[in-house]
Amino acid sequence: MGGWAIAVHGGAGIDPNLPAERQEEAKQLLTRCLNLGIVALRSNVSAIDVVELVIRELETDPLFNSGRGSALTEKGTVEMEASIMDGTKRRCGAVSGITTVKNPISLARLVMDKSPHSYLAFSGAEDFARKQGVEIVDNDYFVTDDNVGMLKLAKEANSILFDYRIPPMGCAGAAATDSPIQMNGLPISIYAPETVGCVVVDGEGRCAAGTSTGGLMNKMMGRIGDSPLIGAGTYASELCGVSCTGEGEAIIRATLARDVSAVMEYKGLNLQEAVDYVIKHRLDEGFAGLIAVSNKGEVVCGFNSNGMFRGCATEDGFMEVAIWE
Amino acid sequence: MVGWAIALHGGAGDIPIDLPDERRIPRETALRHCLDLGVSALKSGKPPLDVAELVVRELENHPDFNAGKGSVLTTQGTVEMEASIMEGKTKRCGAVSGLTTVVNPISLARLVVEKTPHIYLAFDAAEAFARAHGVETVDSSHFITPENIARLKQAKEFNRVQLDYTAPTPPKELENCGDSQIGTVGCVAVDSAGNLASATSTGGYVNKMVGRIGDTPVIGAGTYANHLCAVSATGKGEEIIRGTVARDVAALMEYKGLSLTEAAAYVVDQSVPRGSCGLVAVSANGEVTMPFNTTGMFRACATEDGYSEIAIWPNN
C-alpha cells in the first residue's frame, strides 16, 4: 500500500455487439493514456497535473466521447463540458457549453486556477478562454463522420421509439432491436458512452480527479449533465479522487462522486467498500460506473452498467485494461 | 409527533447589525408574508414541492432579495439568474442557469423536472425552452433595480467580486451607494407524511463574470432533498460547491446517524470557512434548523406545533 495509482475511463454502458476492432482500438487508447500518466507519475508530476494531461490526450483522440469525437447535439454541433478537482484543498473548476476550446479540461483547470469562480459556461466561458489564450478551433474540428452517422441513427431511433405505428423493421429499426439494452432511453447500439475521466493519487498521497464529455447523443442544446457538476461526475478530497460516467441524471441524483468520499469519511469504509456501496445502493434504477483512487495508493473501478472502458495501474507494477465485467 | 414544517431564507452574509430600518423592515415583512403563504399552503394540504416553489416565486418577485426581480448584476450590468428544485422521496430534480427574461426561474426549474428527461438546462437553450412552454418572460430590464446598479458600481470601484452581503468600509461618498444586504433565496418544506422538497433561486454574485455559475443550480451544493431531509444553502457559492453543503447535511444523517440539527451545524462549522454559508433544512420528522456562520441570515420558519420565527442575526 502507498505509492501512486492511476485509473482512466472512456465511458460506461457498452454495446455487447461492439466490433472487435473497436474494442481493440479502445484498449490501445486506454493503455497509451495510462502509460502517459505512469511516465509523469514516475517523474513526480503532481496528481492534478497528471489528471489534466491524461484527459487532454483522451479529448484529443477522436475515439471516445470528449473533445474531438464528442457526441453531437440535436443540431449536429458539439457542446462540451468538463470538471477537475484537486483533493488537497478541494479546489475545483468546471466548464459547460464549450464549442471552440480544443481541450475543455484545461479550461476547467484555468477556471480553478485563474478565475475567482468555480464554474463558467457558454459565451462567458468562451470569452474567458480567449482572454487566457487557450487553443481555439472551429466547432467542425470536434465533429467526426462516425458521430454524424450515429446522430442520424439516434434521431431515427427516437422517432421509432415514440411512434408505435412504425414497425420495428428497416435499417435503424434493426439496429434498435439488436440488443434490448438501453442507456438514457436510447438503444445501446446508438447510445454513445458519455465521458472520459481520470483519477490519480501521486507519490505524496495527493488525490485528484477530472471528467470530460460531449454529453448525450442528440441532446437538447444547453443540456448540462453530470460531468461538470462537482459532487456528481467528479470529486476529490484528502481521502480519494472519483470520476463517474453513465446515465447523467442518475449520477446527479445520487451525487455519486461525492458519496464515495462521504461514506469513507462518515462511515469509515475503505475505498473498495465505498465504491461497492455507492454502486449497489445509490443508483436506484440508473446505470453508471466510476473509477476511484485513495490516498493510500489503492485504485478501484465499479459499475452496474453493461461494461465500462477502463484502465488502472499502481506503483507496484499492477496494470489492467478492460471493457467487460 | 410528526407534523409539517417550513423554513425559508433570503440570503446569508455580512448583514450589519445597524442595518437601517428602511432596509430591514421591508425584508422582515417580506419574510413574514412568504412564511404565511407557505404555512397556509401546507395547512391546505399542498404538496411540499408546490409549497417550496410558490414561496420561492414570491421571494423572486420581491425586489429586495437577490433572485428574480432584484437580482444582482454581472460585470456587464446584465442579469443571469439560476435556480434548482428537488423532491425528497423521488429525488427528482431540475435546475436552470443563465436566465435573462424568465420572470420566475424556480418555475422553469420545475418544468425541467416535469417536461424533460434531463435535469439541467442553461443559457440560450433554457430561454428557448421557456418560450416553447409559454412560460412568462419579460424584457430583462424588469429585473434590474437602482440598488443593484449602485452595488455594481461600488463593486467595480473596489474592483473585486463581492458577496452581496459583504459590507466594505467605503470612502464616505460611497457609503450609501449600495448596502449589499441581499442574497439568494430558498425554501424547504415537509408535510406530515414526510414528503420533503427544497427550492433555491438567485441572481448570483455582484460583478460576477458573465457565464459564472454558482452553487444554487448545482444539486448537492445549494439544493438537496432525499427521504430524510431537505436543504437549501446560501452564501459564497464557490465554498458551497466545494463543501457539497446541501448533500452533506443529508449524508451526515444517513451515514453517521446525526440528527438534522447536528448535521446542519456540523456542515456550517466544519465543511465551509467562517463567514461563507448559511442554510435552512427540515427533516422528515418535522424538525427545522437554520444555522449560519455569517454575521446574519434573513430567515423564517414555522412548524405545525405552533412554533414560528423570523430573524436576521443570531439569537434574534
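Worth saying up front: this structure is predicted, and the values here are computed from it rather than measured.

1. Quick word on the overall build of chain B
- From N to C terminus, chain B includes eight helices and 12 strands.
- The globule rule puts the C-alpha radius of gyration for 316 residues at 20 Å, and the 18 Å found for chain B is close to it.
- With respect to the three principal axes, the spread of C-alpha positions in chain B is 55 × 45 × 35 Å.
- Counting only residues that meet the buried cut, chain B has 65% of its 316 residues in that class.
- Across chain B, the fraction of contacts at a sequence separation of at least 24, relative to all contacts at a separation of at least 6, is 67%.
- Charge centroids of chain B, computed over 27 positive and 37 negative side chains, lie 2 Å from each other.

2. As for unusual backbone geometry
Residues and elements named next belong to chain A.
- One non-glycine residue, Asn218, lies in the positive phi region at around 70 degrees.
- By the element assignment, Asn218 lies in the loop between β8 (207–213) and β9 (223–224).
- Relative accessible area serves as the criterion here: at 14%, Asn218 is assigned to the buried category.
- A positive phi is found at Asp284, a non-glycine position, where the angle reads about 50 degrees.
- Residue placement: Asp284 occurs in the loop between α9 (271–281) and β12 (288–294).

3. Quick word on the confidence of the model for chain B
Residues and elements named next belong to chain B.
- Of all residues in chain B, 92% attain a pLDDT of 70 or more, and the chain-wide mean is 92.
- A low-confidence stretch, residues 169–182 stays under pLDDT 50, and its non-local contacts, those more than four residues away or across chains, total 42 contacts.
- Both scores are available for the predicted complex, with the pTM at 0.93 and the ipTM at 0.92.

4. Here's the deal with the interface of chain A and chain B
- Across the contact, 39 residues belong to chain A and 39 residues belong to chain B.
- Carbon and sulfur atoms supply 63% of the area buried between chain A and chain B, which totals about 3400 Å² over both sides.
- Contact with chain B buries area across many residues of chain A, yet A:His117, A:Arg253 and A:Tyr266 alone supply 21% of it, more than any other trio.
- Where chain A meets chain B, there are four salt bridges.

5. Some remarks on the nonpolar core
- If you look at the biggest cluster of nonpolar residues, it comprises 100 residues, and the most contacted ones within it are A:Leu256, A:Val260, A:Leu290, B:Val249 and B:Leu279.
- Here this core gets eight residues from one element, more than from any other, and that element is helix α7 (residues 245–256) of chain B.
- Among residues more than four places away in sequence, those in contact with B:Val249 are B:Cys229, B:Val231, B:Leu260, B:Ala263, B:Ala264, B:Val267 and B:Leu279.
- With 54 residues, the next largest nonpolar core counts B:Ile15, B:Val96, B:Leu152 and B:Trp313 among its residues.

6. With respect to the packing of α7(B) against helix α8 (residues 260–271) of chain B
Residue and element names in this part refer to chain B.
- It is at 8 Å that the axes of α7 and α8 come closest, and there the two elements cross at 135 degrees. Taken together, the axis directions place α7 and α8 in an arrangement best described as oblique. Between α7 and α8 lies a crossing whose hand is right-handed. Contacts between α7 and α8 involve Val245, Asp248, Val249, Leu252 and Met253 from the first element and Leu260, Ala263, Ala264, Tyr266, Val267 and Ser271 from the second.
- When grouped by side-chain class, the residues that make up the contact of α7 with α8 number nine nonpolar, one polar and one charged.

7. Structural notes on the packing of aromatic side chains
All names here are of chain A.
- Per the stated rule, a full pass over the model turns up five aromatic pairs over all chains.
- When the centroid spacing of 5.2 Å and the interplanar angle of 50 degrees are considered together, the rings of Phe64 and Phe309 count as tilted. Highlighted residues: Phe64 in the loop between α2 (47–60) and β2 (80–86) and Phe309 in strand β14 (residues 308–314), separated in sequence by 245 residues.
- Phe64 sits in the buried class, given a relative accessible area of 4%.
- A relative accessible area of 6% places Phe309 in the buried class.
- Judged by centre distance (5.0 Å) and plane angle (80 degrees), the ring pair of Tyr141 and Phe142 falls under edge-to-face.
- Judged by its relative accessible area of 0%, Phe142 is buried.
- When the ring centre of Tyr141 is taken as reference, the NZ or CZ atom of Arg68 above it lies at 5.9 Å.

8. What about the side chain of A:Ser305?
Residues and elements named next belong to chain A.
- Looking at the element boundaries, Ser305 is found in the loop between β13 (299–303) and β14.
- Using a relative accessible area of 7% as the deciding quantity, one classes Ser305 as buried.
- For Ser305, the side chain forms a polar contact with the main-chain nitrogen of Gly13, separated by 3.5 Å.
- Each residue touching Ser305, except ones within four places of it in the same chain, is listed here: Ala12, Gly13, Phe287 and Ala288.

9. Some words on the pattern of salt bridges
- Here the structure, examined in full by the defined rule, presents 32 salt bridges over all chains.
- A:Arg282 is the partner of B:Glu254 in a salt bridge, and the nearest nitrogen-oxygen pair spans 3.5 Å. Residue B:Glu254 is found in helix α7, and its partner A:Arg282 is found in the loop between α9 and β12; the two belong to separate chains.
- A residue is classified by how much of its surface remains accessible, and A:Arg282, at 6% relative accessible area, is buried.
- Measuring nitrogen to oxygen at the nearest pair gives 3.8 Å for the salt bridge that ties A:Asp284 to B:Lys91.

10. Quick word on helix α5 (residues 146–158) of chain B
Residue and element names in this part refer to chain B.
- With 13 residues, α5 should reach 18 Å at 1.5 Å per residue; the first-to-last C-alpha distance of 19 Å fits that figure.
- All of the buried residues along α5 are Asn148, Ala150, Arg151, Leu152, Gln154 and Ala155.
- Looking at the buried residues of α5, the elements they touch are α1 (21–43).

11. What about the sheet that holds β13(A)?
Residue and element names in this part refer to chain A.
- Across the sheet, which stays open at both edges, the four strands sit in the order β10-β11-β12-β13 with antiparallel pairing between neighbours. In the strand order of this sheet, the two ends are held by β10 (234–236) and β13, each with one partner. Averaged over neighbouring strand pairs, the angle between their axes works out to 10 degrees when direction is ignored.
- Sheet analysis places β12 next to β13, joined by five bridges and oriented antiparallel. Bridge pairing in β13 links Val293 to Val299.
- Sheet strands touched by helix α8 (residues 256–267): β10, β11 (240–246) and β12. Its angle to β11, the strand with the most contacts, is close to 145 degrees.
- Running at roughly 160 degrees to β12, α9 makes contact with β11, β12 and β13 of the sheet.

12. A short note on the pairing of strand β5 (residues 185–190) of chain B
Residues and elements named next belong to chain B.
- The buried fraction of β5 is high, at six of six residues.
- Pairing geometry for β5 and strand β6 (residues 196–202), over six bridges, is antiparallel. When the sheet's bridge partners are listed, Val190 is paired in β6 with Leu196.
- Following β5, the chain reverses through five residues before pairing antiparallel with β6; Gly194 in that reversal takes a positive phi of roughly 85 degrees.

Parameters at a glance
Here the residue numbers are simple positions, counted from 1 along each chain's written sequence. All chains are assigned letters beginning at A, and all ligands numbers beginning at 1, according to the order in which they are written. Reporting in this predicted model follows two pLDDT cut-offs: at least 70 for local features of residues, and 80 or more for side-chain atom pairs to be given and counted; totals over whole chains, interfaces and linings ignore these cut-offs and use all residues. Based on all heavy atoms of the structure, the side-chain values leave hydrogens and waters out of the count. Strands here are runs of E lasting at least two residues and helices are runs of H or I lasting at least four, both read from the DSSP assignment and numbered beginning at the N terminus. Our radius of gyration is a C-alpha quantity, and the globule rule it is checked against amounts to 2.2 Å times the number of residues to the power 0.38. Per-residue accessibility, obtained with a 1.4 Å probe over protein chains only, is compared with the maximum for each type, and a residue is labelled buried under 20%, exposed over 50%, and partly exposed between these values. Two residues form a contact once any of their heavy atoms are found within 4.5 Å. Asp and Glu are treated as the negative residues and Lys and Arg as the positive ones, with His and the ends of the chain left uncounted. By convention, charge coordinates are those of NZ in Lys, CZ in Arg, CG in Asp, or CD in Glu. A score between 0 and 100, pLDDT records how confident the predictor is in each residue. Buried area: the accessible surface (1.4 Å probe) lost by two parts on joining, summed over both. A carboxyl oxygen of Asp or Glu within 4 Å of a side-chain nitrogen of Lys or Arg is what we treat as a salt bridge. Among buried residues, those of type Ala, Val, Leu, Ile, Met, Phe, Trp, Tyr and Cys that are joined through side-chain atoms within 4.5 Å constitute a nonpolar core. Note on geometry: axes are lines fitted to C-alpha atoms, helical ones only across the stretch in contact, with angles between N-to-C directions running from 0 to 180 degrees. For this classification, under 35 degrees means roughly parallel, over 145 means roughly antiparallel, 65 to 115 means roughly perpendicular, and everything else is oblique. Left-handed is the label given to a crossing in which the near helix is rotated counterclockwise from the far helix by less than a right angle, and right-handed is the label when the rotation is clockwise. Think of it as three bins: nonpolar holds Ala, Val, Leu, Ile, Met, Phe, Trp, Tyr, Cys and Pro, charged holds Asp, Glu, Lys and Arg, and polar takes everything else, Gly as well. Only Phe, Tyr and Trp rings take part, Trp by its six-membered ring, and two of them pair if their centres are within 6.5 Å. Stacked means planes under 30 degrees apart, edge-to-face means over 60, and tilted covers everything else. In this scheme, the term charge over a ring applies when either NZ of a lysine or CZ of an arginine sits within 6 Å of the ring centre and within 35 degrees of the ring normal. For this analysis, a polar contact is any N or O atom pair within 3.5 Å, provided that within protein one partner can donate a hydrogen and the other can accept it, and provided that sequence-adjacent residues contribute only side-chain to side-chain pairs. Expected helix span is given by 1.5 Å per residue-to-residue step, counting one fewer step than there are residues. Strands are labelled as partners when DSSP assigns at least two bridges between them.

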